[in-house]
Amino acid sequence: MIFSNVFNQLWQLSRRGIPLLGVALSLACAPKISSISPKAGSEGGGTAVTIKGTPFYEGAKVYFGKKECTDVKLSGPKEITCKTPAGTGGTLVDVKVRNPDNFEFILSKAYNYTTDSVSSTSSTSTSTAAAPTLSSSAARAVVNGTITFTTSGGTAPYSYGVTNSSGTITTPTSTTALYTAPASVTGSSTTVTFTVVDAANKSASVELTLYAAITLSNSSSSTLTVGGSSIVITAGGGIGGYTFTAAPQGTLTQAASSSATATYAPPSSLTAGGLASSTVTLTVTDSTSSSTTTTITLVAPSAVYTGGNQSCVYLTDQKIKCFGNNTSGQLGNDDNGGVVAGNAAIGDATGEMGFSLARVNLGTGRTAARIAIGASHMCAVLDNNTLKCWGENGSGQLGLGSTVDKGGTAGDMATLAAITLPGALTANSVSRIAAGEGHTCAILSDNKVYCWGLNDKGQLGYDDMVNKGDGGGANVSALANVNLGVGRTALSIAAGQYHSCAILDNGNVLCWGKNTEGQLGADDVTKNYGDGGAGETMANLVTDLAGKINIGVGRTTSAVTAGYSHTCVIRDDATVVCWGDNTYGQLGTNSTTSYGTAGSNMAALAALNGGAGINLGTSRTAAAICSGGEFNCAILDNATVKCWGRNQSGQLGQGDMNSLGDNGAEMGDNLATVDLGTGRTAISIACGKEHACARLDNWTTKCWGRNTEGQLGQENTVNRGDDNLTSTPDHRMGDNLPILSL
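Every chain is numbered on its own, with residues counted from 1 as its sequence reads. Only residues with pLDDT of at least 70 get local features here, since the model is predicted, and only at 80 or more are side-chain atom pairs given and counted; chain-wide, interface and lining totals rely on the full set of residues. Excluded from the side-chain calculations are hydrogens and water; all other atoms, namely the structure's heavy atoms, are used.

A. Inspection of the overall build of the protein chain at higher detail. A tally of regular secondary structure across the protein chain gives three helices and 47 strands. Taken over C-alpha atoms, the radius of gyration comes to 42 Å for the protein chain, far larger than the 27 Å a tight globule of 742 residues would show. Along the longest, intermediate and shortest principal axes, the C-alpha atoms of the protein chain span 135 × 60 × 50 Å. For every residue, the accessible area obtained with a 1.4 Å probe (protein chains only) is divided by the maximum for its type, and the residue is called buried under 20%, exposed over 50%, and partly exposed between those limits. Each of the 742 residues in the protein chain was classed as buried or not, and the buried ones make up 50%. Counting contacts in the protein chain only where the partners sit at least 6 residues apart, residues at least 24 apart contribute 56% of the total. Looking at charge distribution, the protein chain has the averaged site of its 43 positive side-chain charges lying 16 Å from that of its 52 negative ones. The helix and strand labels rest on DSSP assignments: H or I over at least four residues marks a helix, E over at least two residues marks a strand, and numbering proceeds from the N terminus. When we talk radius of gyration, it's over C-alpha atoms, and the globule rule is simply 2.2 Å times the number of residues to the 0.38. Should any heavy atoms of two residues lie within 4.5 Å, those residues are counted as being in contact. For this count, His and the chain ends are skipped, Lys and Arg are scored as positive, and Asp and Glu as negative. Every charge is mapped onto a representative atom, which is NZ of Lys, CZ of Arg, CG of Asp or CD of Glu.

In structure tokens, the structure reads:
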């Protein structure tokens, strides 16, 4: 500005003939054109034009295309006039100003030569036509949007231009122009002028407001769980007057008509048998029909796992979320104080589930293939076939060669090492995993069983009572396989409180470890097979039982599960038998008589109900089974659930605390199914110490029983299933039992 004022004063002195004595003036500065008026004229030339800009010097020359303008006059340092030279009609030419110091400026395609009209009866004519009129399809547009301009009147042909904006112009017809706005604007909006000039150099203009691109953001995660928490989505940019849609599922509720915010709620369930996960497209559209989208990935519970006083849900993205007791960091959240400081549990207080419940950190990019939960520790087989365990480690059950707990201190999970497996098996897969009170067993890629951790009852099966994996006894990498008999391998594995069981490749089942209640099915309570005592080696087990537990003549095993001191199997004909402790009716025999304890009562067990095993109801068989501390639950062939045994916390889901299966005629058709809600059935089932959870047919999860440490995931400590009273707090089952918010 200072330079401009000085230049203007010097220029005025020079124009008045006042010599600038003693002043050496050198003001070399390139000119700049800011506007030309008019922007079009006759091809014959002679049109008077005014060019504005700065700075223009006396003696400057003006060119239209390659031809020099005539009658050039300097009106000041910011304005120059001249008359156009002749040109070619229908063409746009550059306009150039060159100062005497040879600095110049070119404004590209700034002037339009119009074609002169020639009358059939006269060589010259004077145009008396009215100026053209210009109309637009809209007065506003979003970046990248299109506006159609229509010209009427005036003298064709027409030329079009736009100021203060880029963008593109096409002319699909002789009277229309299609303007496509640029990809961005400065700020939230800008105003541009669209102009038409006709052949008679008459023009019309329309102002157009361009708005920034429409945007859409969400307040939280881009991955949501079926039946889980809602998110707020917010629109920005565009012109306003927003509308929102969600497809193919879920609900969008706009804060108010045309407002910029809406709440998206994922569907409460998926259709039975429907997709486990889905991409939902959220769309916002403004009042000009400009729109943008963002996507949400829906995940759902695929399976549920429980153990001790904690639960985990395995999601369809192969991640896991865990809740309940966390005193040893077994929930894998790097905090044994829980979400709320000083609270060694998660899921027992408001604000701990939903988005607050983080996925377990299994390592960068890692997901889980399967998991197992013990009393206070957990293990996961990862997608790269490695094995990681976390939580309580007092007996080496994590297999890390130490007794340091993992998962309860910041950074534990991110740095948690995979277990080093024996010898050449290190790089190979882990096919099955089981966790007990303080020990862990796995079937590795050689189809053999390896166990580590607590071994005070011989539950590891190594013919001694020395813990393994704790840094004192053998490390996991040095373990031999458990002796299951010559040539025998394993198909499945289960771990109880202090005993372990395996289904062999021939369909037979063997158990080892603590046997004081007959849980090994050996018709003997004096031998803890696997502890190395006299006659108590694994070889003795194979010999004494002739390689198998007697579950019935010709019968083999398709599934095995282990509780505190009892064991259950589903046989090849889908019937169930259980043996061991029966104090609370957990064997389902309508008595408290234990089986597997002495003489040949395993044979008597196999013969109960005419060899049909536990009576689950008329024509009913079992599809899946789980064992808790002293109870069991089974999914039947019709996808309903029945539970029996101890019921001190409502874990049988009957609305009372009465044990079932221990007397009278409580089993069979008299044993009611668990009420999971109207029309709901179960896909998978899991049993903890005194609670159970089921993944339902609509891809949701419900848990019932003991809840003192939040293991039901209800953000409270209220047991469910232990009474049917319509009281506050609610203890009921069925439709009154909420699904988990994940």
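B. Quick look at the pattern of salt bridges. Each reported salt bridge corresponds to a side-chain nitrogen of Lys or Arg within 4 Å of a carboxyl oxygen of Asp or Glu. Using the criterion set out here, one finds 14 salt bridges in the structure. Salt-bridge contacts for Asp 572 lead to Arg 555; the nearest nitrogen and oxygen are separated by 2.8 Å. With Asp 572 in the loop between strand E40 (566-571) and strand E41 (576-580) and Arg 555 in the loop between helix H2 (538-544) and strand E39 (557-562), this pair connects stretches of sequence that are 17 residues apart. Relative accessible area serves as the criterion here: at 39%, Asp 572 is assigned to the partly exposed category. For Arg 555, a relative accessible area of 26% translates into the label partly exposed.

C. Just the pairing of strand E4 (residues 61-64), in detail. Examined bridge by bridge, E4 and strand E8 (residues 91-98) share four bridges and lie antiparallel to one another. Of the residues in E8, the one forming a bridge with Val 62 is Val 97. As paired strands, E4 and strand E5 (residues 67-68) are joined by two bridges and run antiparallel to one another. Its bridge partner being in E5, Tyr 63 is matched across the sheet by Glu 68. Hairpin remark: E4 followed by E5, antiparallel, with two residues in the connecting loop; positive phi at Gly 65, about 65°. In this analysis, strands are considered paired if DSSP registers two or more bridges between them.

D. How the structure looks around the state of the cysteines. Two cysteine sulfur atoms form a disulfide, by the criterion used here, when they sit within 2.5 Å. Scanning all chains against the criterion turns up nine disulfides. Between Cys 312 and Cys 322 runs a disulfide, and the two sulfur atoms are separated by 2.1 Å. Across the S-S bond of Cys 312 and Cys 322 the torsion is about 110°, and the bridge reads as right-handed. A residue pair is termed long-range when its members are at least 10 positions apart, and Cys 312 in strand E27 (residues 310-315) and Cys 322 in strand E28 (residues 320-325) qualify at 10 residues. At a sulfur-sulfur separation of 2.0 Å, the disulfide partner of Cys 626 is Cys 687.

E. Quick peek at the nonpolar core. Formed by 88 residues in total, the largest nonpolar core has its most connected members in Leu 387, Val 449, Trp 512, Trp 579, Cys 633, Val 641 and Trp 704. With five residues, the single largest contributor to this core is strand E43 (residues 631-636). The contacts of Val 449, once residues within four sequence positions are left out, are Ala 442, Ile 443, Tyr 462, Ala 480, Asn 481, Val 482, Leu 484, Ala 490, Ile 493, Ala 502 and Trp 512. Put simply, a nonpolar core is a bunch of buried Ala, Val, Leu, Ile, Met, Phe, Trp, Tyr and Cys residues held in one set by side-chain atoms that sit within 4.5 Å of each other. Residues Val 360, Leu 382, Leu 416 and Cys 703 belong to the second largest nonpolar core, which totals 31 residues.

F. Region of interest: the packing of aromatic side chains. Aromatic pairs are defined between Phe, Tyr and Trp rings, using the six-membered ring for Trp, whenever the two ring centres lie within 6.5 Å; interplanar angles under 30 degrees are classed as stacked, those over 60 as edge-to-face, and all others as tilted. On inspection of all chains with the given rule, the structure shows five aromatic pairs. Seen in terms of ring centroids, Phe 64 and Tyr 111 are 5.0 Å apart; in terms of plane orientation they differ by 85°. Their pairing is edge-to-face. With Phe 64 in strand E4 and Tyr 111 in strand E9 (residues 104-114), this residue pair connects regions lying 47 residues apart in the sequence. In this structure Phe 64 comes out as buried when scored by relative accessible area, which is 2%. By relative accessible area, Tyr 111 is classed as buried at 0%. Aromatic side chains Tyr 111 and Tyr 113 sit 5.2 Å apart centroid to centroid with 80° between the ring planes, which places their arrangement in the edge-to-face category. The exposure class assigned to Tyr 113 is buried, which follows from its relative accessible area of 2%. Members of the aromatic cluster, each reached through a chain of ring pairs, are Phe 149, Tyr 160, Tyr 179 and Phe 194. The ring of Tyr 63 carries Lys 96 above its face, with NZ or CZ at 4.9 Å from the centroid. Over a ring means this: the NZ of a Lys or the CZ of an Arg is within 6 Å of the ring centre and within 35 degrees of the ring normal. Its guanidinium or amino end placed over the ring of Trp 699, Arg 695 lies 3.8 Å from that ring's centre, counting from NZ or CZ.

G. Inspection of the sheet that holds strand E18 (residues 215-218) at higher detail. If you walk across this open sheet you meet the four strands as E18-E20-E23-E22, and the pairing is antiparallel. Each end of this open sheet is capped by a strand with a single partner; those strands are E18 and strand E22 (251-254). Geometrically, the sheet is characterised by an average inter-axis angle of 25° between neighbouring strands, direction not taken into account. Both E18 and strand E20 (residues 231-236) contribute to a ladder of four bridges, which runs antiparallel. By the bridge assignment for E20, Ser 217 is matched with Thr 234. Each axis is a line fitted through C-alpha atoms, taken for helices only over the stretch in contact, and angles between the N-to-C directions span 0 to 180 degrees.

H. Quick look at the layout of surface pockets. The volume enclosed by the second largest pocket comes to roughly 500 Å³. Every definition here rests on a 1 Å grid over the protein atoms only: cavities are sets of points where a 1.4 Å probe fits but cannot get out, pockets are open sets enclosed by protein on both sides within 12 Å along at least five of seven lines, and lining residues have some atom within 4 Å of a point. Lining the second largest pocket are 20 residues, with Lys 39, Lys 109, Ala 110, Gly 161 and Val 162 positioned closest to its centre. Residue assignment for the lining of the second largest pocket shows that the elements contributing at least two residues are strand E1 (32-37), E9, strand E13 (159-163) and strand E16 (189-197). At six residues, E9 tops the list of elements feeding residues into the lining of the second largest pocket. Each residue is assigned to one of three groups, with Ala, Val, Leu, Ile, Met, Phe, Trp, Tyr, Cys and Pro labelled nonpolar, Asp, Glu, Lys and Arg labelled charged, and all others, Gly among them, labelled polar. For the lining of the second largest pocket, a count of residues per class yields 10 nonpolar, eight polar and two charged. Grid points are joined across faces, edges and corners, and a volume is the space filled by probe spheres set on the points.

I. Spatial organisation of unusual backbone geometry. The step from Ser 37 to Pro 38 runs through a cis peptide bond, and the omega angle for that step is -5°. Looking at the secondary structure, you find Pro 38 in the loop between E1 and strand E2 (40-42). Along the chain, Thr 54 connects to Pro 55 via a cis peptide bond; the corresponding omega equals -15°. For Pro 55, the position within the fold is in the loop between strand E3 (48-54) and E4. Of note in this structure, Gln 318 is not a glycine but carries a positive phi near 65°. Tracing the sequence through the fold places Gln 318 in the loop between E27 and E28. Positive phi outside glycine occurs at Asn 590, with the angle close to 60°. Looking at the secondary structure, you find Asn 590 in the loop between E41 and helix H3 (601-611).

J. Summary view of the side chain of Glu 666. Relative to the elements of secondary structure, Glu 666 occurs in the loop between strand E44 (641-645) and strand E45 (682-687). No salt bridge is formed by the buried Glu 666, whose closest oppositely charged neighbour, Lys 642, lies at an N-O distance of 13 Å. Nitrogen and oxygen atoms within 3.5 Å of one another constitute a polar contact, given that in protein one can donate a hydrogen and the other can accept it, and given that sequence-neighbouring residues count only through two side-chain atoms. A polar atom in the side chain of Glu 666 sits 3.3 Å from the backbone nitrogen of Asp 662. Those residues in contact with Glu 666, other than ones at most four positions away along the chain, are Asn 590, Ser 659, Leu 660, Gly 661 and Leu 671.

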